[in-house]
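Structural overview
If you want the building blocks of each chain, they are given just below.
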Amino acid sequence: MAKAMTSDARKKDTREKIELGGLIVKAGLRYEKRSLLLGLLIDASKRISGDETEKARLAALGAEAFANDGE
């Protein structure tokens, strides 16, 4: 039983990682170096920490990008 739970958790983790990778592609950053991508994410994390206005601005950009998927 424990093995099945571990397998399910691993599948969920793998799926989440695939989805997060898809966001990198959607943002047009597929061919950037991994170190640059990590730096961007670390910088963004620091910038939005406690800044609800910036979080809302970036969320709106992301929502717009998702809305334009069909175009």
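The preceding data block contains the structure.
Read on for an overview of the structure. (Residues numbered from 1 in each chain as written. Predicted model: local features only at pLDDT ≥ 70, side-chain atom pairs only at ≥ 80, totals over all residues. Heavy atoms only, no water.)

**So, helix 2 (residues 34-48)**
Quick reminder: α-helices carry 3.6 residues per turn. Residues three or four places apart thus point the same way. Keep this limit in mind: The numbering of helices and of strands both runs from the N terminus, where a helix is a DSSP run of H or I of at least 4 residues and a strand a run of E of at least 2. The span expected for a helix works out to 1.5 Å for each residue beyond the first.
The terminal C-alpha atoms of helix 2 lie 21 Å apart, and with 15 residues this matches the ideal 21 Å at 1.5 Å per residue to within 8%. Gly50 lies just past helix 2 and shows a positive phi near 80°.

**A closer look at the pattern of salt bridges**
For the record, the criterion: A pair is scored as a salt bridge if a Lys or Arg side-chain nitrogen falls within 4 Å of a carboxyl oxygen belonging to Asp or Glu. Exposure classes here rest on a 1.4 Å probe applied to the protein chains alone. A residue is buried below 20% of its type maximum, exposed above 50%, and partly exposed in between.
All chains considered together, the criterion is met by 5 salt bridges. For the salt bridge of Asp13 with Lys17, the shortest nitrogen-to-oxygen distance reads 2.9 Å. Highlighted residues: Asp13 and Lys17, both in helix 1 (residues 2-26), separated by 4 residues, approximately one helical turn. In this structure Asp13 comes out as partly exposed when scored by relative accessible area, which is 34%. Asp43 serves as the salt-bridge partner of Arg47, at 2.6 Å between the closest nitrogen and oxygen. Of this pair, Arg47 and Asp43 both sit in helix 2, 4 residues apart, which is roughly one turn of that helix. A relative accessible area of 35% means that Asp43 is categorised as partly exposed.

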